[in-house]
Amino acid sequence: MYVTAVESRPPGVLSGASSTGSSRGQRPFGARVKAFVALTKPRIIELLLITTVPVMFLAEQGVPDLKLVLLTCVGGYLSAGGANALNMYIDRDIDALMDRTSQRPLVTGMVSPRECLAFGISLAVISTLLFGLTVNWLSAWLALGALLFYVVVYTMILKRRTSQNIVWGGIAGCLPVLIGWSSVTNSMSWAPVILFLVMFFWTPPHYWPLSMKVKDDYARVGVPMLPVVASNKVVARQIVIYSWVMVAVSLLLTPLGYTGWFYTAVALVAGGVWLWEAHGLMNRAKGEVTGAKLKEMRLFHWSITYVSILFVAVAVDPFLR
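The paragraphs below set out a description of the structure included in this document. For every chain, the first residue of the written sequence is number 1, and numbering continues from 1 along that sequence. Whole-chain, interface and lining totals are the exception, using all residues; otherwise, since this is a predicted model, local features are given only for residues with pLDDT of at least 70 and side-chain atom pairs are given and counted only at 80 or more. Only hydrogens and water are set aside when side-chain values are computed; all heavy atoms of the structure are taken into account.

So, the nonpolar core
Only buried Ala, Val, Leu, Ile, Met, Phe, Trp, Tyr and Cys residues count toward a nonpolar core, and they belong to the same one when joined by side-chain atoms within 4.5 Å. A simple rule labels every residue: compare its accessible area, found with a 1.4 Å probe on the protein chains alone, to the largest value its type can have, and call it buried under 20%, exposed over 50%, or partly exposed in between. Counting 97 residues, the largest nonpolar core has Leu195, Trp274 and Tyr306 as the members making the most contacts within it. Helical segments are the DSSP runs of H or I of at least four residues, strand segments are the runs of E of at least two, and each set is numbered from the N terminus. Counting residues per element, this core draws most heavily on helix H10 (residues 190–213), at 13 residues. Those residues in contact with Trp274 that sit more than four places away from it in its chain are Trp202, Pro205, His206, Ser243, Met246, Leu299, Trp302, Ser303 and Tyr306. Contacts are assigned to residue pairs with any non-hydrogen atoms lying within 4.5 Å of each other.

As for the packing of H10 against helix H14 (residues 261–286)
Here an axis means a line fitted to C-alpha atoms, over the contact stretch when the element is a helix, while the angle between two N-to-C directions is reported on a 0 to 180 degree scale. H14 packs onto H10 with a crossing angle of 30 degrees between their chain directions and a minimal axis gap of 13 Å. Considering the angle they form, H10 stands roughly parallel to H14. Helix-helix and strand crossings are classified by hand; for H10 and H14 the assignment is left-handed. Here H10 contributes Leu195, Trp202, Pro205, His206 and Met212 to the contact with H14, which in turn contributes Tyr263, Trp274 and Leu281. To sort the angles, those under 35 degrees are grouped as roughly parallel, those over 145 as roughly antiparallel, those from 65 to 115 as roughly perpendicular, and the leftovers as oblique. For any helix crossing, the convention is left-handed if the near helix is rotated counterclockwise from the far helix by under a right angle, and right-handed if that rotation is clockwise.

Here we look at a nonpolar patch on the surface
Patch definition: residues above 30% relative accessible area lacking any salt bridge, with like charges linked at up to 9 Å and the nonpolar side chains Val, Leu, Ile, Met, Phe, Trp and Tyr linked at up to 5 Å. Note on areas: these come from Shrake-Rupley sampling with a 1.4 Å probe, and a residue is covered only by the protein chains present in the view. By salt bridge we mean one thing: a side-chain nitrogen of Lys or Arg within 4 Å of a carboxyl oxygen of Asp or Glu. A cluster of nonpolar side chains, namely Val63, Leu66, Trp261, Val312, Val316, Phe319 and Leu320, defines an oily patch on the protein surface of about 700 Å² accessible area. Relative to the helices and strands, Val63 resides in the loop between helix H2 (42–60) and helix H3 (66–90).

Some points on helix H13 (residues 232–250)
For a helix, the expected span equals 1.5 Å multiplied by the number of residues minus one. When the terminal C-alpha atoms of H13 are compared, their 26 Å separation across 19 residues agrees well with the 27 Å that a helix rising 1.5 Å per residue should span. Every buried residue belonging to H13 is among Asn232, Val235, Ala236, Ile239, Val240, Tyr242, Ser243, Met246, Val247, Val249 and Ser250, and all of these are buried. Each element contacted by the buried residues of H13 is listed here: helix H8 (165–169), H10, helix H11 (215–221), helix H12 (226–229), H14 and helix H15 (296–316).

Some remarks on the side chain of His206
Mapped onto the elements, His206 comes out in helix H10. On the basis of relative accessibility, which here comes to 10%, the residue His206 falls in the buried class. In this structure His206 touches Trp274, Phe300, Ser303 and Ile304, once residues within four positions along its chain are discounted.

Overview of the pattern of salt bridges
A side chain of one charge can pair with a side chain of the opposite charge if their charged atoms are brought near each other. This structure, assessed with the given rule, holds eight salt bridges. Close ionic contact of Lys159 with Asp91 constitutes a salt bridge, the shortest N to O distance being 2.6 Å. Of this pair, Lys159 sits in the loop between helix H7 (137–158) and H8 while Asp91 sits in the loop between H3 and helix H4 (92–95), placing them 68 residues apart in sequence. Salt-bridge contacts for Arg160 lead to Asp91; the nearest nitrogen and oxygen are separated by 3.0 Å. Here the residue Arg160 occupies a position in the loop between H7 and H8, and Asp91 occupies one in the loop between H3 and H4, the gap between them amounting to 69 residues. Judged on exposure class, the residue Arg160 and its partner Asp91 are both buried. Counted as one network, the salt bridges with shared partners bring together Asp91, Asp93, Lys159 and Arg160.

Thoughts on unusual backbone geometry
We note that Gln61 has phi near 55 degrees; this positive angle belongs to a residue other than glycine. A positive phi angle, close to 55 degrees, is found at Asn186, a residue other than glycine. In this structure, Asn186 sits in the loop between helix H9 (171–185) and H10.

Remarks on the environment of Thr290
Tracing the backbone through its elements, the reader meets Thr290 in the loop between H14 and H15. What makes Thr290 exposed here is its relative accessible area of 55%. A sequence separation of 58 residues divides Thr290 from Asn232, and the C-alpha atoms of the two residues are 8.6 Å apart.

Examining the packing of aromatic side chains
Two aromatic rings, drawn from Phe, Tyr or Trp (for Trp, its six-membered ring), form a pair once their centres lie within 6.5 Å of each other, and the interplanar angle then sorts them: stacked below 30 degrees, edge-to-face above 60, tilted otherwise. In the structure shown here, the tally under the stated rule is ten aromatic pairs. Members of the aromatic cluster, connected to one another through ring pairs, are Trp168, Phe200, Phe201, Trp208 and Tyr242. A ring has a charge above it when a Lys NZ or an Arg CZ is no more than 6 Å from the ring centre and no more than 35 degrees off the ring normal. Residue placement shows Arg92 over the ring face of Tyr89; its charged tip is 4.4 Å from the ring centre.

Remarks on H10
When the terminal C-alpha atoms of H10 are compared, their 36 Å separation across 24 residues agrees well with the 34 Å that a helix rising 1.5 Å per residue should span. The reported bend at a residue is simply the angle between two axes, fitted to the 7 residues ending at it and to the 7 residues beginning with it. Bending of H10 peaks at approximately 30 degrees at the position of Trp202, with proline Pro204 no more than four residues after it.

If you want it as structure tokens, here you go:
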């Protein structure tokens, strides 16, 4: 495990910015606030909340206590935001060299490394205490576990060492499902475990298409994402395998009695569209299609729609049984 500092910044970085900060004129208050918000990666956290709140409806078999939902969402945002800030602190060296991350707050100098580290640790502490004192301690430990897994296991250990980084590192993104259930029941059950597995098998075929698109970025900084070390054909085949397992696991909720006809219908249709897109990508990869014609981002964008639709069905299903 290691952290390396950024030795230089790419063109366009604020002049005069340093690791300890710059003058207020160079870093206006409004821009600074936006920068700290950006450290939490709000768009990614939206997806985490989409998988948390519907599970609370399933656990309650109806509408959960709205105050509990609010506290769980706030706690989840702060916890995931702290993890994302610490991720940016550790990855600031490679973020400066990748096109897709070159405007992150630490790279531009809008936030100093010291500020980012303090911010991330503060969010981790606050979120854990908020969960423990207002929700329950099972949810608090799960949230803290997700944060530590993402920061230590994924970012510090796996990301720069193995092409399986996103497979196992993705576990951190699966834990909000368990947190949603435990916040309502203060216990575990097979239902959240199944949804955890859905997210586990969803993560690689969700992220690998994006990695295919930006593999040159990852190759430049020596991060061995699967598309960097394997051909498009191999990556697409792996995507199809994970996709089939994901869809199969998503259908287990109904025979076990947790969901009814509505969820099953949605899971079948949405899963069918996913498999169509996954096989389409594999066929194009087998045909040696490259560039824009590979259309790998079609599956990436559908993956976000898929998980949103599936978990909305999780929330709606209890009202139709």
